[in-house]
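Next come the chains, spelled out residue by residue.
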Amino acid sequence: MTATPQSDQASTTPSLSEVTRVRTVHLQRAKAQGEKFAMLTSYDSLTAAIFDGAGVDVLLVGDSAGNNVLGYETTIPVTVDQMIPLAAAVARATQRALVVVDLPFGSYEESPEQAVRTSVRIMKETGAHAVKLEAGEELADHVAAVVRAGIPVMGHVGFTPQSEHALGGYRVQGKGDAAAKLIADAQAVQAAGAFAVVLEMVSADAAEEVEDILSIPTVGIGAGNSTTGQVLVWQDMLGLRTGRMPRFVKQYAQLSETIGDAVGSYVVEVKSGTFPAEEHSFRG
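The text that follows walks through the structure, step by step, so that each part is easy to find. (Residues numbered from 1 in each chain as written. Predicted model: local features only at pLDDT ≥ 70, side-chain atom pairs only at ≥ 80, totals over all residues. Heavy atoms only, no water.)

Moving on to the overall build of the protein chain. Counting its secondary structure elements, the protein chain contains 12 helices and eight strands. A compact globule built from 284 residues should have a C-alpha radius of gyration of about 19 Å, and the protein chain, at 21 Å, falls within 12% of that. Along the three orthogonal principal directions, the C-alpha set of the protein chain runs to about 75 × 60 × 35 Å. Every one of the 284 residues in the protein chain was classed for burial, and the buried ones make up 49%. Sequence separation of at least 24 residues holds for 58% of the intrachain contacts in the protein chain that already meet a minimum separation of 6. With the model as given, the accessible surface of the protein chain reaches about 14200 Å², and the carbon-plus-sulfur share is 54%. Treating the 21 positive side-chain charges of the protein chain as one cloud and the 33 negative ones as another, the clouds have centres 3 Å apart. (Helix = DSSP H or I, 4+ residues; strand = E, 2+ residues; numbered from the N terminus. Rg over C-alpha atoms; globule rule 2.2 N^0.38 Å. Buried < 20%, exposed > 50% of the residue type's maximum accessible area, 1.4 Å probe, protein only. Contact = heavy atoms within 4.5 Å. Areas by Shrake-Rupley, 256 points an atom, 1.4 Å probe, with all protein chains shown as cover. Lys, Arg positive; Asp, Glu negative; His and termini not counted. Charge placed at Lys NZ, Arg CZ, Asp CG, Glu CD.)

Below you can see the structure in the form of structure tokens.
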């Protein structure tokens, strides 16, 4: 039998957009083939189905639900019990995207054993495909323990919201001499077995260096355009959240205005008696 030339094999490898269910291996392949992938947060079944149908490759059930769903000022109060029903709703509504769930603050830092217990519970009770840990060199053994348990792990370095008080607030990471620490953290997460790593609010130059050094994909949020993937919080990206946006957010719609106008019209019609009209009523 004649072996298939390597170039022919590559030509028959489907692109990420052609994959019917995104797996961690497909993200790795995307990096190797120079493809980009899109990632968004989601916390409910309706947005999950919309984003999945629109071609988003990875859905993140982030602990950013604390700010965007539960009304907290930070992610720190979020619990595992709050994350599980959100993640389960997203997983049930998703046909193609890889679903990743954040381990919230306090649910994994204590020990590798605690990280495994929390990850196992999330996987069993949600139907998600992977978990995400805010972890660098210091918690690399936690990542390794979860990976050994058979659970895919996405790392998260740079600005880590769960550690915002220790980091001195929302500050760009990886500038100047601090780039060495960012690189070391990303390398430690990769060595521990993570399939990808998020780089949040880091120097674009440092992010490009990390992307070049690592064999696993990087996912940027406020990290420039060199990363394999990009992620945004959907309420920021679609303009549901109002007020001052971080510099790295591009708003593709203004849903707060659209929804506000629609609800205002509803209120006016109800109070004037024009809704419900005859076509919205039952007779006989």
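Picking up after the structure, the text goes on.
When glycine is set aside, most residues are seen to have a negative phi, and most peptide bonds are trans. Omega for the bond connecting F275 with P276 falls within 30 degrees of zero, at 0 degrees, which places this linkage in the cis form. Along the chain, P276 turns up in the segment after helix 12 (255–272). Residues other than glycine seldom take positive phi values, yet M201 does so here, at roughly 50 degrees. For M201, a relative accessible area of 11% gives the class buried.

Attention now moves to the environment of H280. Mapping H280 onto the fold places it in the segment after helix 12. Placed 69 residues apart in sequence, H280 and E211 show a C-alpha to C-alpha distance of 56 Å.

Grouped together as the largest cluster of nonpolar side chains are 59 residues, with contacts concentrated most on V61, V131 and L133. Considering each element in turn, this core owes the most residues, seven residues, to helix 5 (residues 80–93). Core analysis: the next-biggest nonpolar cluster, separate from the first, contains 18 residues, F37, V100, A196 and V219 among them. (Core = buried A, V, L, I, M, F, W, Y, C linked by side-chain atoms within 4.5 Å.)

Take the pairing of strand 3 (residues 98–102) next. The element strand 3 is extensively covered by neighbouring structure, given that five of its five residues are classed as buried. Here strand 2 (residues 58–61) pairs with strand 3 via four bridges, running parallel. Bridge pairing in strand 3 places L59 opposite V99. Of the pairings in the sheet, the one linking strand 3 to strand 4 (residues 130–134) comprises three bridges and is parallel in character. Counted as the bridge partner of V100 is A130 from strand 4. Handedness of the crossover joining strand 3 and strand 4 through helix 6 (residues 112–126) is recorded here as right-handed. (Pairing = 2+ DSSP bridges. Right-handed = clockwise from strand over helix to strand, strands pointing away.)

Relative to the helices and strands, S111 resides in the loop between strand 3 and helix 6. Overall, S111 belongs to the buried group, its relative accessible area being 16%.

One pass over the structure, following the stated rule, counts two aromatic pairs. When the ring of Y266 is compared with that of F275, the centres are 6.0 Å apart and the planes differ by 65 degrees; the resulting orientation is edge-to-face. (Phe/Tyr/Trp six-rings, centres within 6.5 Å; stacked < 30°, edge-to-face > 60°.)

Quick look at the sheet that holds strand 1 (residues 37–41) now. Read around the barrel, eight strands follow the order 1-2-3-4-5-6-7-8 and close on themselves; strand pairing throughout is parallel. The sheet shows a mean angle of 25 degrees between the axes of neighbouring strands, direction not considered. Examined bridge by bridge, strand 4 and strand 5 (residues 153–158) share four bridges and lie parallel to one another. From the neighbouring strand, V131 faces strand 5, where its bridge partner is V153. (Axes fitted to C-alpha atoms, helices over the stretch in contact; angles between N-to-C directions.)

Keep in mind these numbers describe shape, not what the thing actually does.
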